[in-house]
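So you can see what is in the structure, the chains are spelled out below.
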Amino acid sequence: MACLLETPIRMSVLSEVTASSRHYVDRLFDPDPQKVLQGVIDMKNAVIGNNKQKANLIVLGAVPRLLYLLQQETSSTELKTECAVVLGSLAMGTENNVKSLLDCHIIPALLQGLLSQDLKFIEACLRCLRTIFTSPVTPEELLYTDATVIPHLMALLGRSRYTQEYICQIFSHCCKAPDHQTILFNHGAVQNIAHLLTSVSYKVRMQALKCFSVLAFENPQVSMTLVNVLVDGELLPQIFVKMLQRDKPIEMQLTSAKCLTYMCRAGAIRTDDNCIVLKTLPCLVRMCSKERLLEERVEGAETLAYLIEPDVELQRIASITDHLIAMLADYFKYPSSVSAITDIKRLDHDLKHAHELRQAAFKLYASLGANDEDIRKKIIETENMMDRIVNGLSESSIKVRLAAVRCLHSLSRSVQQLRTSFQDHAVWKPLMKVLQNAPDEILVVASSMLCNLLLEFSPSKEPILESGAIELLCGLTQSENPALRVNGIWALMNMAFQAEQKIKADILRSLSTEQLFQLLSDSDLNVLMKTLGLLRNLLSTRPHIDKIMSTHGKQIMQAVTLILEGEHNIEVEEQTLCILANIADGTTAKELIMSNDDILQKIKYYMGHSHVKLQLAAMFCISNLVWNEEEGSQERQDKLRDIGIVDILHKLSQSPDTNLCDKAKTALQQYLA
């Protein structure tokens, strides 16, 4: 019986709730326009700050009626304006409210309203559009569907400080991709918005600044234009520098620093320019201090990480500014038990977002340690840092895991750290765990780091091998993602370097010759080069060469022929000839070359090539084949003489390239001995 009662109870509660709101909607249908207007005004007052009331009115169908009144030619301007205000208030509720408004096609109706001549109505429509477009559920593409909208918004910028504020806010939220930047740029966004940076209204200045930050991001065209724009006789970068001074609001300092950072990264401002070294960088370091709010610390660290990422000198300057490396360690202790936050709401918010601080710290540490050995050492010696990074690998947030892997990858470029800290903390264990099951973006960085851990001087190489890395890496070579294929084969190449025979055999068995051929015909040049590098490392040291060629000789010779007969660049051909030189160094393996006339003709062709690199690589093959201290050398020398190799050697012994000349003379001496 209890189950049967459940539905009627819920229905009666709903009808009770909506009944109190129904009269607001009913009044919208009154034949008297004055009563309709009053009804809309009363509705406006009822919904302010009341999310429950907003939801009820949406359920009761208020939105289609309000939109109808907003678009009716017979409606007074005052009524239309009040309708836009109520719709804006409804949009300020929950994300579901915004979805309901979008389902009713509110955007085209509001954009149509912008064609009115009445400024108050235009401002109300823009305010509502601003609220809708700043919601995460609104697709920004809706702003660009009609090609006439952007030029019209540009034209409205001059109407009032409110149109300026709202339009700039709409632009900054809806500029998410290069094509959006291009559309806004082509419609004169830079020229139309630049003068707003000197507006008397702080809100207008701020929104204009935000516009420039999204327009300049990774966009050389916009950034190069901004550098030369004059506003009241001052260049834009100078205005941005003034806006990041300490006496300006934090939000303004941060956004100005972003603008200058993005212009610098896009190549419009030099990294050694004073506005970057003496202004932007110190400002961003200031944002990382514990006096700042969580969001400011996150944004400051992430922007600084982006600024210094490609530049060693900026990394060095940042690392010694305001004890930044130690300051970032505080990002992991937040909020602390003795936190100064007395506002419970703020504390609750910060607890939920503390992971963003850790993510930002990892990103900045990764940039700081990208090149300099001393900086890496300082980072690793910061209290419990390796433990924190290792813990970051297993956090629930994908973004934190990715940032932690990037940070480790940056630190793993250090030979010394690979031998010490990485071994002390057995970093390879959590890394292998990450590689078992992670999204591609994490896999790419984690597998790249594994390449470093598999270098011959890394103590982690042995345990990684024992934990089943070969199978895992061979699996990566079959990925659809070219970056994963490159990393998989690169790690195998590092693994095969000076490895034992058993490891080499395991690699060949797990990879399979079929997959090897697949990789040698890969469209990605990096994959092809690393596969050739792997073959070269597998075919090193005589007993290994002979053993591998006795079991896989036919397929490897086919692979070499495949490459040399294809259209490839110099580097690919050189690597392939080096593989042949390694095969020629084998005791029994060299017979696979001597019995293959096509390959011998190829070597002969490359000896006479116009590129010295390829001539030298071909010479290595010949030297190994004619070496007279080895069994069967006389027969090999005779055969090579018969196909004209000796004649070419005589020519090359006169070469202006000393290296090539010496190699040819050494080979000729083998004939005389």
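As a convention, each chain's residues are numbered from 1 in the sequence order in which they are written. Per-residue local features are limited, in this predicted model, to residues with pLDDT of at least 70; the limit for side-chain atom pairs, both in listing and counting, is 80 or more; totals at the level of whole chains, interfaces and linings are taken over all residues. For the side-chain quantities, the full set of heavy atoms in the structure was used; hydrogens and water were omitted.

The name that an unreviewed UniProt entry assigns to the chain is Armadillo repeat-containing protein 8, with the source organism given as Phascolarctos cinereus. UniProt positions are given in the numbering used here, feature names are shortened, and annotations may be inferred rather than shown by experiment. Taken from UniProt, the Function (unreviewed entry) comment for the chain reads in full: "Component of the CTLH E3 ubiquitin-protein ligase complex that selectively accepts ubiquitin from UBE2H and mediates ubiquitination and subsequent proteasomal degradation of the transcription factor HBP1."

Visitor: What is the right way to look at the overall build of the chain in this model?
Guide: Looking only at helices and strands, the chain has 42 helices and two strands in total. Radius of gyration: C-alpha atoms only; globule rule: 2.2 Å multiplied by the number of residues to the exponent 0.38. For the chain, whose C-alpha radius of gyration is 34 Å, the value lies well above the compact-globule estimate of 26 Å for 673 residues. Along the first, second and third principal axes, the C-alpha atoms of the chain reach 115 × 80 × 50 Å. A simple rule labels every residue: compare its accessible area, found with a 1.4 Å probe on the protein chains alone, to the largest value its type can have, and call it buried under 20%, exposed over 50%, or partly exposed in between. For the chain, the proportion of its 673 residues judged to be buried stands at 54%. Working definition of accessibility: Shrake-Rupley area with a 1.4 Å probe, residue cover restricted to the visible protein chains. Carbon and sulfur atoms form 52% of the exposed surface of the chain, whose accessible area is close to 31000 Å². Measuring between centres, the 68 positive side-chain charges of the chain sit 5 Å from its 78 negative side-chain charges. In this text, helices come from DSSP runs of H or I with a minimum length of four residues, and strands from runs of E with a minimum of two, each type numbered from the N-terminal end. Charged residues are defined narrowly, with Lys and Arg counted positive, Asp and Glu counted negative, and His plus the chain ends left uncounted. Every charge is mapped onto a representative atom, which is NZ of Lys, CZ of Arg, CG of Asp or CD of Glu.

Visitor: Help me understand the layout of surface pockets in this model?
Guide: One simple way to see leftover space: roll a probe sized like a water molecule over the atoms. Grid points spaced at 1 Å over the protein atoms alone were grouped into cavities, where a 1.4 Å probe fits but cannot get out, and pockets, open sets with protein on both sides within 12 Å along at least five of seven lines, with lining residues defined by an atom within 4 Å of a point. Grid points are joined across faces, edges and corners, and a volume is the space filled by probe spheres set on the points. Its boundaries defined by the atoms lining it, the largest pocket holds a volume of some 1600 Å³. Lining the largest pocket are 41 residues, with Phe217, Lys258, Tyr262, Glu302 and Lys363 sitting closest to its centre. Going through the elements one at a time, α10 (161-174), α11 (178-186), α13 (202-216), α16 (250-265), α18 (294-308), α21 (344-368) and α24 (398-411) are the ones with two or more residues in the lining of the largest pocket. Among the elements that make up the lining of the largest pocket, the one with the highest residue count is α18 (seven residues). Within the lining of the largest pocket, the residues separate by chemical class into 14 nonpolar, 13 polar and 14 charged. When residue character is reported, Ala, Val, Leu, Ile, Met, Phe, Trp, Tyr, Cys and Pro are called nonpolar, Asp, Glu, Lys and Arg charged, and the others, Gly included, polar.

Visitor: Quick question: what am I supposed to make of the UniProt feature "repeat: ARM" (unreviewed entry) in the chain here?
Guide: On the UniProt side, "repeat: ARM" (unreviewed entry) is annotated at positions that read residues 61-97 here. Helix makes up 76% of residues 61-97 and strand 0%. Its end C-alpha atoms lie 12 Å apart.

Visitor: What should I look at first to understand helix α14 (residues 220-227) in this one?
Guide: Regarding α14, the residues found buried are Val222, Ser223, Leu226 and Val227. Along the axis of α14, the buried residues cluster in a sector spanning 135°; they form a single face. By definition in these notes, contact holds between two residues if any of their heavy atoms fall within 4.5 Å. On its buried side, α14 packs onto α11, α12 (189-194), α13, β2 (234-235), α15 (236-243) and α16. N-capping of α14 is provided by Asn219, with a side-chain oxygen placed 3.2 Å from the backbone N of Gln221. Note that the arc is defined by the directions from the helix axis to the C-beta atoms. Any N or O atom pair separated by 3.5 Å or less is treated as a polar contact, with the protein-specific requirement of one donor-capable and one acceptor-capable atom, and with residues adjacent in sequence counted only for side-chain atom pairs.

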